[in-house]
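Chain by chain, the residues:
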Amino acid sequence: MSTTKVTLAKALNMGLRKAMEDDPKVLLMGEDVGKLGGVFRITDGLQKDFGEDRVIDSPLAESGIVGTAVGMALRGYRPVVEIQFDGFVYPAYDQIVCQVAKMSFRSQGRLPMPMVIRIPFGGGIGAVEHHSESPEAQFAHTPGLKVVSCSNPVDGYWMIQQAIASDDPVIFLEPKRQYHADKADLDVTATPGPLFASRVVRHGGDVTVLAYGPMVKTCLRAAEAAAGEGKSLEVIDLRSVSPLDMGPVLESVRRTGRAVVTHEAHVNLGLGAELAARITEQCFYSLEAPVLRVGGFDTPYPPSRIEEEWLPDLDRVLDAVDRVLEF
Amino acid sequence: MSTTKVTLAKALNMGLRKAMEDDPKVLLMGEDVGKLGGVFRITDGLQKDFGEDRVIDSPLAESGIVGTAVGMALRGYRPVVEIQFDGFVYPAYDQIVCQVAKMSFRSQGRLPMPMVIRIPFGGGIGAVEHHSESPEAQFAHTPGLKVVSCSNPVDGYWMIQQAIASDDPVIFLEPKRQYHADKADLDVTATPGPLFASRVVRHGGDVTVLAYGPMVKTCLRAAEAAAGEGKSLEVIDLRSVSPLDMGPVLESVRRTGRAVVTHEAHVNLGLGAELAARITEQCFYSLEAPVLRVGGFDTPYPPSRIEEEWLPDLDRVLDAVDRVLEF
Amino acid sequence: MADPDLIQLLTPEGERVEHPDYSFGEGLTAEEEADLVRGFYRDMVLTRRIDTEATALQRHGELGIWAQLLGQEAAQIGAGRALRPQDFVFPTYREHGVAWCRGIDPLQLLGLFRGVDHGGWDPRESNFHLYTIVIGAQTLHATGYAMGVQRDGLVGTDDPERDTAVLAHFGDGASSQGDVNESFIFAASYNAPVVFFCQNNQWAISEPIERQSRIPLYQRALGFGFPGMRVDGNDVLATYAVTKAALDHARTGQGPTFVEAYTYRMGAHTTTDDPTRYRLSDDVERWKLRDPIARVEAYLTRNGLADADFVDAIRAEADDLGAHLRAGCKALPDPAPLSVFDHVYADLPDELREQRDSYAAYLESFEGVGA
Amino acid sequence: MADPDLIQLLTPEGERVEHPDYSFGEGLTAEEEADLVRGFYRDMVLTRRIDTEATALQRHGELGIWAQLLGQEAAQIGAGRALRPQDFVFPTYREHGVAWCRGIDPLQLLGLFRGVDHGGWDPRESNFHLYTIVIGAQTLHATGYAMGVQRDGLVGTDDPERDTAVLAHFGDGASSQGDVNESFIFAASYNAPVVFFCQNNQWAISEPIERQSRIPLYQRALGFGFPGMRVDGNDVLATYAVTKAALDHARTGQGPTFVEAYTYRMGAHTTTDDPTRYRLSDDVERWKLRDPIARVEAYLTRNGLADADFVDAIRAEADDLGAHLRAGCKALPDPAPLSVFDHVYADLPDELREQRDSYAAYLESFEGVGA
Ligand SMILES: Cc1ncc(C[n+]2csc(CCOP(=O)(O)OP(=O)(O)O)c2C)c(N)n1
Ligand SMILES: Cc1ncc(C[n+]2csc(CCOP(=O)(O)OP(=O)(O)O)c2C)c(N)n1
Ligand SMILES: [Mg+2]
Ligand SMILES: [Mg+2]
């Protein structure tokens, strides 16, 4: 099969296009998604090809975007909304948490909410305040929502289509730092694995390292560096943040006895807390050390000139690996 | 010193009155807080005595309430806002997370945010949807906010005053189920302990049980029942959900080797996750069993006829105690 | 009520009056018109009975709470009967009269207030959405739904059997919510076929309308670029006429409208509320003179359009309805504890399935103990 | 621009014109008036230079991003100069001209865009709040601040040196946010001394004003029950006059006003934006003819109120300012990594102190390695 080399941004664009071709009920909506193609150009060209009725530039109001998308979903559409930046999802928080998340339950399944809320998330792009947030834990704590994050172009292409095909609402987190960072070989004729599944992306035997979204690359690089020092890290890309696919995680930790969880979000009540609690509960006698967490500090996101210090990087991951090995 | 017997509702009312007497900059604002005295009557009589300028009935808009309170705080006031029910805090979520929480950091300390956001929270009152939520984890995950919950009238009286006196914004969670449940002896001439401190409310040696807000009473009753079966539970009222005062917790777990964390909030990414992670990291070699969690299921809050089944109760706490003992 | 802007077709005394822009009964024979009014009367009487019964059921501990509509019957029946079958309605938590018009068994309304479900009817069957409790949220849903209708090509096709309008309910208090104002913006921006129907019952729990707006609410629409009008919400004929016109405006592609139904909440906010703490009984007494049912009854009887038999028959029907509610309410089954795991997702994740299974095992462990 | 509602006192050609409700220079001598206009001119030229320099600094990688104000100088200087010292301003992220009027060293504005801080000036010293990036959030802060001013008793005391007004800035796009509309409701409800100053620059990034409102924006206010007016935002005299009147309206206790400054975003949304993707250069060319600075320069020179020396002196001043910015920007110190733990709270909790300490130890461990 012939493959093409694509960036994450391009893969998402292709995935959205494919989903729109496959199902006329798929609509896109958001600020600047039309003519401009979104500030990150993820929807580039789609309004031109699918028209203003299917690629909808919205007024500047996030609650309005998600709230009207709820109505469109109730009418049988499958809205895919774009929140321009992570930090601007909060005006829509009420609609997401009280309406999107609860409609299926409230209606005893009569009113499914097949909606995708795309959010470019995470830091490292030198932006001003509110443009580098990692809000995933708040959504994962909310029953009724599913939360996923892609870490690479191939996943981006498939996962966005699978999220759109899902009858459950999906918060789709796109690591904006990766949009144009790397290219990967995409074979659009391949058969993707399931959406809500974690995946071992590097095998190893000493420490299990968990990551999703932008941290996957960092952890893979850390594993590479650690290998040079004779430490063998197993890296798992969680892909789905809620539900968590614990199978590969538990299997790995039972083997390694040691785990480090990483994310850009604040450590306090971040995914690391949940994973540490679950792993400890289920692998208690296999653990040689407590699960350690590497994340953003419990401070607001800093001014960008020091964001690389604030963000967990290769060294901080390796430091945790060392600590978990020395415990 | 003479004491009076008061309910939590009355104690909070007295505490608010005292804070308003002590500092003319203290203002109350919210829906129906004036003439009606709030739907739970916590602000009963205050508008009559302090006037409409200090006890402000607001338009029906939570973002507006918190957003204008930010402005009043910037002008030197100490606004105390009431959110009518837990489930209605979300329209204000953006103002809380992006403005209230970050103003001090953004301004390098030049603009402190001495604001209290009072939220009656938790279930068990037979209410309709959105009236029984436990949103604390979301706020605790947000740097810049402090989050506390009182579990009894005496704490209610002191903690609300301390929260108002704090120069940091405080999310003040009131267990609405307890408002009129019990009376306690209040001595208004006593000297309260610090606000952000946990407290051992029952000593025991077999298992450490952690709770806050409405679950404290449940856990104390569970400890009573367990004692009848020869199991000695140590119950800690966390009081502050963020920051966490881990000292007494760690001291206790190092002694008991076993811990159960309880809350009404969903288990997934609830406070139990964070506590389990921290306890495990810091008491790894003392633990005889993993930290177990008892909380609301990872489903939306159910219709009220089965809420008592959904809410963690004495039996579910005891079940976890048994499991942690048998591990 | 010397409000020149108030659209009225039937006075509190039961006299028909003319209005330059709106009329009632156009195109109908006298008998058809009388039938329609008699139907309104019946609807209002039965709706009031639903309300009375539910209030009593709450007093007897059978419901956790009830949101009364006393005094708002005309606003709701006028709006509800103006709908065409294909139209879709987004209610608040108080639209029992509109639900009635949509053919929903009032017993189904009780489920939510009894706490056996969060809304038990099928919105796709009745074209009546579930009650929304978060103030104002549904106005955005209505607008989005209307945008969906547009995309379905069901606006302005000139086929009145197909062209579809959406009716969004909300209260005077709700008009202050960001969501409601955003829904005005989206509706105007896309010219969506939605009618914003605000029952201004003068109160948002304890807060008077003056706290939300210092000018008549219907004028809010003008700032967003679409028409607003104030109708006497205690006048079922005027409410019907104005809402029908607004729905037709929407379905023919002329865009959104704001209808302010000027009425009064005669009862408490809900059964847990105590309005004596914040309002004068004088006001309530004054509004009693404008009772929406009394004026229709006066009109019908005074004009020989209904006799005692007619009124008695409806009363009997109401008694039956009351009995149905009393018996049915207590028989509403409690949900099974394990049902909380149903429908959280269309596709139940493994981790939640495990949570359910372990809870099921836990529950079973008690059955062993009990045996 | 044959808009009868547009308030204009100086035409694009630099001709003074009369307006029935607003005038410029009343109570001033000719020389005082000329001084004022010359001051505006200087402000606008220097503000434009700040903008040009910052844009260049961004191109050279010294700033992460810059939000340009090109074309909006008159709207900002007119508003900024209408303020009294005691008034308080809530800006968006583009109010560089107003910041200038409030005496803030433009270097301090660069900090945020360079990423060395989130806003480096002291709002209590300058009565100019930090830039707010979340669209519309600050309009509620402004309203609440104004409610605080009311409670301080500093409205309508008849002492113009004390009576205080609040100026809330926002854009045409922002007018769609729930927060902005809620701020209208609160301001109207409490009659707060706030002026809502909307720079309608026709664009919200790529979206034209028509997406946000289908009627002129200033009419939004009418739906909330307070006055709205549209002023030519490229006419510094008219903007000054209208804003001053609105601020006086507020400070004397007459409540809120909505001022729509009708202008145009001549540049990109920010330095990362590419407007050729969504708008015609024709439009931009048309608006060039209405340049806010050119018309004042034409007025001043044609009427002998300024000569070449004057213009040259300001140009020299602008050059100095540019040099100051170029040198200063590069010298802005990066924050220390550990500073992220400062000011998260007024009172640092132990757990965060421990996090800081262990990070400090971690950082030190590298210093050892480096040595
Ligand atoms: C977002 C939100 N805030 C607060 C409430 C609590 N609440 C329920 S009804 C109500 C008053 C509503 O007044 P109005 O919109 O006039 O409708 P009415 O009850 O008079 O029909 C309030 C404050 C809520 N349900 N949702
Ligand atoms: C809540 C929120 N949503 C989205 C954004 C991203 N954003 C920044 S500026 C902007 C457009 C603002 O347009 P307008 O209000 O007209 O102001 P202008 O930039 O034209 O001055 C957008 C969408 C944001 N900052 N905040
Ligand atoms: Mg009302
Ligand atoms: Mg703009």
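Residues numbered from 1 in each chain as written. Chains lettered and ligands numbered in written order. Predicted model: local features only at pLDDT ≥ 70, side-chain atom pairs only at ≥ 80, totals over all residues. Heavy atoms only, no water.

**A look at the overall build of chain C**
Okay, step 1: Helix and strand counts for chain C come out as 12 helices and 8 strands.
Okay, step 2: For 371 residues, the compact-globule estimate of 2.2 N^0.38 gives 21 Å, and the C-alpha radius of gyration of chain C, at 22 Å, lies within 12% of that figure.
Okay, step 3: Each of the three principal axes of chain C carries a C-alpha extent, and together these read 75 × 50 × 40 Å.
Okay, step 4: Here chain C, with 371 residues, has 64% of them falling under the buried criterion.
Okay, step 5: Here the contacts in chain C between residues at least 6 apart in sequence split such that 74% fall between residues at least 24 apart.
Okay, step 6: Element-wise, carbon and sulfur atoms account for 50% of the exposed surface of chain C, whose accessible area totals about 13,100 Å².
Okay, step 7: When the 33 positive and 58 negative side-chain charges of chain C are each reduced to one mean point, those points stand 4 Å apart. (Helix = DSSP H or I, 4+ residues; strand = E, 2+ residues; numbered from the N terminus. Rg over C-alpha atoms; globule rule 2.2 N^0.38 Å. Buried < 20%, exposed > 50% of the residue type's maximum accessible area, 1.4 Å probe, protein only. Contact = heavy atoms within 4.5 Å. Areas by Shrake-Rupley, 256 points an atom, 1.4 Å probe, with all protein chains shown as cover. Lys, Arg positive; Asp, Glu negative; His and termini not counted. Charge placed at Lys NZ, Arg CZ, Asp CG, Glu CD.)

**Points about the relation of the copies chain B and chain A**
Okay, step 1: The transform that puts chain B on chain A rotates by 180° and translates by 0.0 Å along the axis, for an RMSD of 0.0 Å. Such a turn and shift between the copies fits a two-fold axis.
Okay, step 2: When the interface residues of chain B are mapped onto chain A, 100% of them again lie at the interface, so the same face is used by both copies. (Least-squares fit on C-alpha atoms with pLDDT ≥ 70 in both.)

**Side note on the site of ligand 1**
Okay, step 1: Taken together, 20 residues lie near ligand 1, and B:Glu62, C:Tyr93, C:Arg94, C:Ile133 and C:Asp172 sit nearest.
Okay, step 2: Ligand 1 sits at a junction of chains, with neighbouring residues supplied by chains B and C.
Okay, step 3: Here an oxygen atom of ligand 1 and a side-chain polar atom of C:Asn201 are 2.9 Å apart.
Okay, step 4: The side chain of C:His269 places a nitrogen or oxygen atom 3.4 Å from an oxygen atom of ligand 1.
Okay, step 5: Surface burial for ligand 1 is 95%, taken as the share of its 580 Å² of free accessible area covered by protein chains.
Okay, step 6: Per-class residue counts for the shell around ligand 1 are 10 nonpolar, 6 polar and 4 charged. (Near = heavy atom within 4 Å. Polar contact = N/O pair within 3.5 Å; in protein donor to acceptor, adjacent residues only side chain to side chain. Nonpolar A, V, L, I, M, F, W, Y, C, P; charged D, E, K, R; others polar.)

**What about the interface of chain B and chain C?**
Okay, step 1: Opposite the 38 residues of chain B that make contact, chain C presents 39 residues.
Okay, step 2: Summing the contributions of chain B and of chain C, the shared interface buries around 3,200 Å²; its carbon and sulfur component is 60%.
Okay, step 3: At the junction of chain B with chain C, the criterion picks out 2 salt bridges.
Okay, step 4: The shortest N-O distance in the salt bridge between B:Arg305 and C:Asp334 comes to 2.8 Å.
Okay, step 5: Where chain B meets chain C, there are 14 residue pairs in polar contact (both at pLDDT 80 or more).
Okay, step 6: Going through the elements one at a time, helix 11 (307-310) and helix 12 (314-326) of chain B are the ones with two or more residues in the side of chain B that touches chain C.
Okay, step 7: The biggest single contributor to the side of chain B that touches chain C is helix 12 of chain B, with 3 residues. (Buried area = accessible area lost by both parts, 1.4 Å probe. Salt bridge = Lys/Arg side-chain N within 4 Å of Asp/Glu carboxyl O.)

**A short note on the packing of aromatic side chains**
Okay, step 1: A complete count under the given rule lists 80 aromatic pairs over all chains for this structure.
Okay, step 2: Here D:Phe90 and D:Tyr145 contribute two aromatic rings whose centre-to-centre distance is 5.7 Å and whose plane-to-plane angle is 70°, an arrangement assigned as edge-to-face. Residue D:Phe90 is located in strand 2 (residues 88-90), and its partner D:Tyr145 is located in helix 6 (residues 137-151); the two are separated by 55 residues in the primary sequence.
Okay, step 3: Clustering of aromatic rings is evident, with ring pairs tying together C:Phe170, C:Phe184, C:Phe196, C:Phe224, C:Phe226, C:Phe258, D:Phe170, D:Phe184, D:Phe196, D:Phe224, D:Phe226 and D:Phe258.
Okay, step 4: Across from the ring centre of B:Tyr77, 4.5 Å away, lies the NZ or CZ of B:Lys25, which sits over that ring.
Okay, step 5: The side chain of B:Lys146 reaches across the aromatic face of B:Phe196, ending 4.8 Å from its centre. (Phe/Tyr/Trp six-rings, centres within 6.5 Å; stacked < 30°, edge-to-face > 60°. Lys NZ or Arg CZ within 6 Å of the ring centre and 35° of its normal.)

**Focus: the coordination of the magnesium ion (ligand 4)**
Residue and element names in this part refer to chain D.
Okay, step 1: Donor atoms from the polypeptide that bind the magnesium ion (ligand 4) are Asp172 (OD), Asn201 (OD1) and Trp203 (O), placed at 2.0 to 2.1 Å.
Okay, step 2: Written as a sequence motif, the donor arrangement for the magnesium ion (ligand 4) is D-x28-N-x1-W. With Asp172 in the loop between strand 3 (166-171) and helix 7 (178-190) and Trp203 in strand 5 (residues 203-204), this residue pair connects regions lying 31 residues apart in the sequence.
Okay, step 3: Residue Trp203 is classed as buried on the basis of its relative accessible area, which comes to 12%. (Donors = N, O, S within 2.8 Å, 3.2 Å for Na, K, Ca; no water.)

**A short note on helix 4 (residues 93-100) of chain A**
Okay, step 1: Counting buried positions along helix 4 of chain A gives 8 out of 8 residues, so the element sits mostly inside the fold.
Okay, step 2: Among the residues of helix 4 of chain A, A:Tyr93, A:Asp94, A:Gln95, A:Ile96, A:Val97, A:Cys98, A:Gln99 and A:Val100 are the ones counted as buried.

**Topic: the interface of chain B and chain A**
Interfaces are often sized by the accessible area lost when the parts come together.
Okay, step 1: Between chain B and chain A, the contact holds 49 residues from the first and 49 residues from the second.
Okay, step 2: Taking both sides of the interface into account, the surface hidden between chain B and chain A amounts to around 4,400 Å²; carbon and sulfur atoms contribute 63%.
Okay, step 3: Our count for the contact surface shared by chain B and chain A stands at 6 salt bridges.
Okay, step 4: With its nearest N and O atoms 2.8 Å apart, the salt bridge here joins A:Arg106 to B:Glu129.

**Considering the coordination of the magnesium ion (ligand 3)**
Okay, step 1: Surrounding the magnesium ion (ligand 3) are the protein donor atoms C:Asp172 (OD), C:Asn201 (OD1) and C:Trp203 (O), at 2.0 to 2.1 Å.
Okay, step 2: Going along the chain, you hit the donors of the magnesium ion (ligand 3) in the pattern D-x28-N-x1-W.

**Examining the nonpolar core**
Okay, step 1: A:Ile279, B:Ile279, C:Leu110, C:Phe258 and D:Leu110 are the most contacted members of the largest nonpolar core, which totals 383 residues.
Okay, step 2: If near-sequence neighbours (up to four positions away) are discounted, B:Ile279 is found in contact with B:Leu210, B:Met246, B:Val249, B:Leu250, B:Val253, B:Ala259, B:Phe284, B:Leu287 and B:Val291. (Core = buried A, V, L, I, M, F, W, Y, C linked by side-chain atoms within 4.5 Å.)

**Let's talk about the site of ligand 2**
Okay, step 1: Of all residues adjacent to ligand 2, which total 20 residues, the nearest are A:Glu62, D:Tyr93, D:Arg94, D:Asp172 and D:Gly173.
Okay, step 2: More than one chain lines the surroundings of ligand 2; the residues nearby belong to chains A and D.
Okay, step 3: D:Ala174 is positioned with one of its backbone polar atoms (N or O) 2.9 Å from an oxygen atom of ligand 2.
Okay, step 4: Starting from 580 Å² of accessible surface for ligand 2 in isolation, the protein chains cover 95%.

**Quick notes on the sheet that holds strand 1 (residues 6-7) of chain C**
Residue and element names in this part refer to chain C.
Okay, step 1: Strand order in this open sheet of 6 strands is 1-7-8-4-3-2, and the pairing throughout is parallel. Whereas interior strands pair on both sides, the edge strands pair on one side only; in this sheet they are strand 1 and strand 2 (88-90).
Okay, step 2: Each of strand 3 (166-171), strand 4 (194-200) and strand 8 (257-262) touches helix 2 (residues 73-82); the most contacted strand, strand 4, lies at about 170° to it. (Pairing = 2+ DSSP bridges. Axes fitted to C-alpha atoms, helices over the stretch in contact; angles between N-to-C directions.)

**Describing the sheet that holds strand 3 of chain D**
Residues and elements named next belong to chain D.
Okay, step 1: Read from one edge to the other, the open sheet built from 6 strands follows the order 1-7-8-4-3-2, with strand pairing classed as parallel. Looking at the sheet topology across the chains shown, the edges are occupied by strand 1 (6-7) and strand 2.
Okay, step 2: As paired elements, strand 7 (residues 228-232) and strand 8 (residues 257-262) share 5 bridges and run parallel to each other. Its bridge partner lying in strand 8, Met229 is registered against Val259.

**A word on the domain arrangement of chain A**
Residue and element names in this part refer to chain A.
Okay, step 1: The domain boundaries assigned to chain A delineate domain 1 (4-186) and domain 2 (199-326).
Okay, step 2: Listed per partner, the contact involves 28 residues of domain 1 and 23 residues of domain 2.
Okay, step 3: Around 1,900 Å² of area is buried between domain 1 and domain 2 when both sides are counted, 48% of it from carbon and sulfur atoms.
Okay, step 4: Contact with domain 2 buries surface across domain 1, with Glu136, Ser151 and Arg177 losing the most and accounting together for 22% of the total.
Okay, step 5: Taken together, domain 1 and domain 2 are joined by 4 salt bridges. (Domains from an automatic or database assignment.)

**Thoughts on the pattern of salt bridges**
Okay, step 1: Scanning the entire structure with this criterion turns up 106 salt bridges over all chains.
Okay, step 2: Across the pair B:Asp49 and B:Lys48 runs a salt bridge, and its minimum N-O distance is 3.9 Å.
Okay, step 3: By relative accessible area, B:Asp49 is classed as partly exposed at 43%.
Okay, step 4: One salt-bridge network, in which partners are shared between bridges, spans A:Glu274, A:Arg278, B:Arg293 and C:Glu351.

**A word on the side chain of B:Asp94**
Okay, step 1: Within the fold, B:Asp94 resides in helix 4 (residues 93-100).
Okay, step 2: Here B:Asp94 is buried and forms no salt bridge, its nearest opposite-charge partner B:Arg106 lying at an N-O distance of 8.6 Å.
Okay, step 3: In contact with B:Asp94, not counting residues within four places along its chain, are A:Tyr90, A:Pro91, B:Gln99, D:Val134 and D:Asp179.

**With respect to the confidence of the model for chain C**
Residues and elements named next belong to chain C.
Okay, step 1: Averaged over every residue, the pLDDT of chain C is 96; residues scoring 70 or more account for 98%.
Okay, step 2: Here helix 12 (residues 350-370) is the element of chain C with the lowest mean pLDDT, 90, and strand 4 is the one with the highest, 99.
Okay, step 3: Model confidence for the complex is summarised by a pTM of 0.98, with the ipTM given as 0.98. (pLDDT = per-residue confidence, 0-100.)

**A look at the domain arrangement of chain C**
Okay, step 1: One can read the domain layout of chain C as domain 1 (6-331) and domain 2 (336-371).
Okay, step 2: Here the C-alpha centre of domain 2 of chain C lies 40 Å away from the C-alpha centre of domain 1 of chain C.

**Let's talk about the environment of A:Ile117**
Residue and element names in this part refer to chain A.
Okay, step 1: Within the secondary structure layout, Ile117 lies in strand 5 (residues 116-121).
Okay, step 2: C-alpha separation for the pair Ile117 and Pro169, spaced 52 residues apart in sequence, amounts to 7.8 Å.
Okay, step 3: Residues contacting Ile117, with those up to four places away along its chain left out, are Val66, Val81, Ile83, Ile96, Val170, Ile171 and Phe172.

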